Amino acid sequence: VQARAIYRLDLNSWTIDEHPWTHDGPLPLPFACVSDELVPCEEPLDGPQTELPAEGTWRPLVDGLEHVLRTAVHNRVASVPERCPGEPRIGVLFSGGVDCITLAALASAELPASEPIELINVAFENPRQKHTPQDKYSVPDRTTGLQGLEELRRLYPLRPWRFVCVDVLYAEMQAEAAHVRRLIAPADTVMDMSIAVALWFASRGVGRLLLPPATGCSDQLGSSYTAGARVLLLGMGADEQLAGYARHRTAWTAGGQRKLAEEIRLDVDRIAHRNLGRDDRVVADNAREARFPFLDEHVVDYLARLPAAHKADMRYPRGIGEKMLLRLLARRLGLTNACSLPKRAIQFGARTAKMESSRTKGQDALPS
């Protein structure tokens, strides 16, 4: 639902009245408009690049992002009441990608080392994927999630990281599909549904806990477990502001910095009504609160004032050039593997996309 008016629900007739803003002109926002400034590119690249560059001239930009993002995470973590010892108060919807693992690392710096943090990782049985019973949940996000867990264990060895494997049967997904569809209305596309289903099951947090390995052994799945954290950190907003989607690279290829800045502005302008209402309703349905550090007003303001060329450098390949500013921060935090992982949307990483047919497209309307 777009924030363009005040909506009133009449409980007698169950009708909704819309009362548009009387403000003359665009509403004032607590952050700047996305910059369209064009800046000279850095020195020409010497052949194909396979690694992130040294911080160099990026250093003050990374400093700025680290400051506002640390503050945003602090504000969203410190306000959560403490629970009994050993009970987690913070969870992260966790694919192991650069967005969520950066939030997990920053959250770890804010909480006592003995306090658990839940890393909730979701995987779906997709009937169109060939698999054995043993590997039907070996989806891409499970692989990168486990890699991310190892990085966090290395950086924060005293932290009890609780990796929650949420494995969803196809039949279970079908049973909840109508409920999730009601939650996301008025959003009604195939892509909306595939994203929402993954978020709903992930935020429900019902799965199995990955038990820490004993000496000389590998991790083992424990018995059934339900996530206890009532506040979840989500990475939404990073891709939109830092040019993380394939369409951002397409825009840059078509028109350089100018087209890239236009695409970023379009994403920032529409994220509230295109994504956030849907995502918040889906998470809240499981009695959990979604918090979005990348959408903190100071983070948004900082990134909005930066030229597009100071957020991403599409001369570098996929997995490096997009969201380069965030990747450099992740590397600074010690996340040397996650900082170069390519973007993968949740519906593909968890395999909720194209469950019934390979011919459906994300923008197709859901069947009535």
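This text goes with the structure placed above it.
Residues numbered from 1 in each chain as written. Predicted model: local features only at pLDDT ≥ 70, side-chain atom pairs only at ≥ 80, totals over all residues. Heavy atoms only, no water.

## Concerning the sheet that holds strand β3 (residues 90-93)
- On the basis of which strands lie adjacent, the open sheet formed by seven strands has the order β7-β6-β5-β4-β3-β8-β9 and mixed pairing. Lying at the two open borders of the sheet, with one neighbouring strand each, are β7 (220-226) and β9 (289-291). Neighbour-to-neighbour, the strand axes of the sheet open up by a mean angle of 35°, direction not taken into account.
- In terms of strand pairing, strand β5 (residues 161-168) meets strand β6 (residues 206-211) through three bridges, oriented antiparallel. For cysteine 165, the partnering residue across the bridge sits in β6 and is arginine 208.
- On the sheet, helix α3 (residues 140-155) packs against β4 (117-124), β5 and β6 and is oriented at approximately 175° with respect to β5.
- Contacting β3, β4, β5, β6, β7 and β8 (231-233), helix α5 (residues 190-204) runs over the sheet at an angle of about 140° to β4. (Pairing = 2+ DSSP bridges. Helix = DSSP H or I, 4+ residues; strand = E, 2+ residues; numbered from the N terminus. Axes fitted to C-alpha atoms, helices over the stretch in contact; angles between N-to-C directions. Contact = heavy atoms within 4.5 Å.)

## Let's talk about the nonpolar core
- Phe94, Leu119, Leu152, Leu325 and Leu326 are the most contacted members of the largest nonpolar core, which totals 53 residues.
- Not counting the four nearest positions on each side in its chain, phenylalanine 94 is found in contact with Cys100, Ile101, Ala104, Leu119, Ile120, Asn121, Gly145, Gly148, Leu149, Leu152 and Phe163. (Core = buried A, V, L, I, M, F, W, Y, C linked by side-chain atoms within 4.5 Å. Buried < 20%, exposed > 50% of the residue type's maximum accessible area, 1.4 Å probe, protein only.)

## Some thoughts on the packing of helix α1 (residues 59-77) against helix α9 (residues 324-332)
- Packing of α1 against α9 leaves a shortest axis separation of 9 Å and a crossing angle of 80°. As summarised for this structure, α1 and α9 are arranged roughly perpendicular, according to the angle between their axes. Contact residues: α1 offers Arg59, Leu61, Val62, Asp63, Leu65, Glu66 and Leu69, while α9 offers Leu325, Leu326, Leu328, Leu329 and Arg332.
- Broken down by class, the residue content of the contact of α1 with α9 amounts to eight nonpolar, no polar and four charged. (Parallel < 35°, antiparallel > 145°, perpendicular 65-115°, else oblique. Nonpolar A, V, L, I, M, F, W, Y, C, P; charged D, E, K, R; others polar.)

## Overview of the packing of helix α2 (residues 98-110) against α3
- As a packed pair, α2 and α3 sit with axes 11 Å apart at the nearest point and diverge in direction by 25°. Judged by the angle between their axes, α2 and α3 are roughly parallel. By crossing handedness, the relation of α2 to α3 is classed as right-handed. On α3, the residues touching Ile101, Ala104 and Ala105 of α2 are Gly148, Glu151 and Leu152.
- Split into classes, the residues belonging to the contact of α2 with α3 amount to four nonpolar, one polar and one charged. (Left-handed = near helix turned anticlockwise from the far one by under 90°.)

## Considerations on the pattern of salt bridges
- The final tally for this structure, using the stated rule, is 28 salt bridges.
- Arginine 89 is the salt-bridge partner of glutamate 115, the closest N and O atoms lying 2.6 Å from each other. Linking glutamate 115 in the loop between α2 and β4 with arginine 89 in the loop between α1 and β3, this pair joins segments that are 26 residues apart in sequence. The two residues glutamate 115 and arginine 89 agree in class, both being buried.
- The salt bridge partner of arginine 154 is glutamate 151, with a shortest N-O separation of 3.2 Å. Residue arginine 154 and its partner glutamate 151 are located together in helix α3, separated by three residues, close to a single helical turn.
- With a relative accessible area of 48%, arginine 154 lands in the partly exposed category.
- By relative accessible area, glutamate 151 is classed as buried at 5%. (Salt bridge = Lys/Arg side-chain N within 4 Å of Asp/Glu carboxyl O.)

## Observations concerning the pairing of strand β1 (residues 5-10)
- Judged from the six bridges that link them, β1 and strand β2 (residues 15-20) form a sheet pairing that is antiparallel. Across the sheet, residue isoleucine 6 finds its bridge partner in β2, namely histidine 19.
- Counting the residues in the hairpin turn of β1 and β2 gives four residues, including tryptophan 14, whose phi is positive at 55°.

## Some words on the environment of valine 62
- Residue position: valine 62 is located in helix α1.
- Owing to a relative accessible area of 0%, valine 62 belongs among the buried residues under this scheme.

## Here we look at empty space enclosed by the protein
- Enumeration over the complete set of coordinates arrives at one cavity of 30 Å³ or more.
- As for the largest cavity, its lining consists of 14 residues, and the residues nearest its centre are Cys41, Gln257, Ala309, Ala312 and Asp313. (1 Å grid on protein atoms, 1.4 Å probe; cavity = no way out; pocket = protein on both sides within 12 Å on 5 of 7 lines; lining within 4 Å. Points joined across faces, edges and corners; volume = space filled by probe spheres on them.)

## A few points about the packing of aromatic side chains
- Enumeration over the complete set of coordinates arrives at four aromatic pairs.
- Pairing phenylalanine 94 with phenylalanine 163 gives two aromatic rings, centres 6.4 Å apart and planes at 90°, and the pair type is edge-to-face. Note that phenylalanine 94 is positioned in the loop between β3 and α2 and phenylalanine 163 in strand β5, a separation of 69 residues in sequence.
- Residue class for phenylalanine 163 comes out buried when judged on its relative accessible area of 0%.
- Judged by centre distance (5.7 Å) and plane angle (85°), the rings of phenylalanine 124 and phenylalanine 201 are edge-to-face. A residue pair is termed long-range when its members are at least 10 positions apart, and phenylalanine 124 in strand β4 and phenylalanine 201 in helix α5 qualify at 77 residues.
- Relative accessible area serves as the criterion here: at 1%, phenylalanine 124 is assigned to the buried category.
- Phenylalanine 201 gets classed as buried once you look at its relative accessible area, which sits at 0%.
- Cluster of aromatic residues (ring-pair linked, three or more members): Phe124, Trp200 and Phe201.
- Here arginine 159 stacks its cationic end above the ring of tryptophan 161, 6.0 Å away from the centre of that ring. (Phe/Tyr/Trp six-rings, centres within 6.5 Å; stacked < 30°, edge-to-face > 60°. Lys NZ or Arg CZ within 6 Å of the ring centre and 35° of its normal.)

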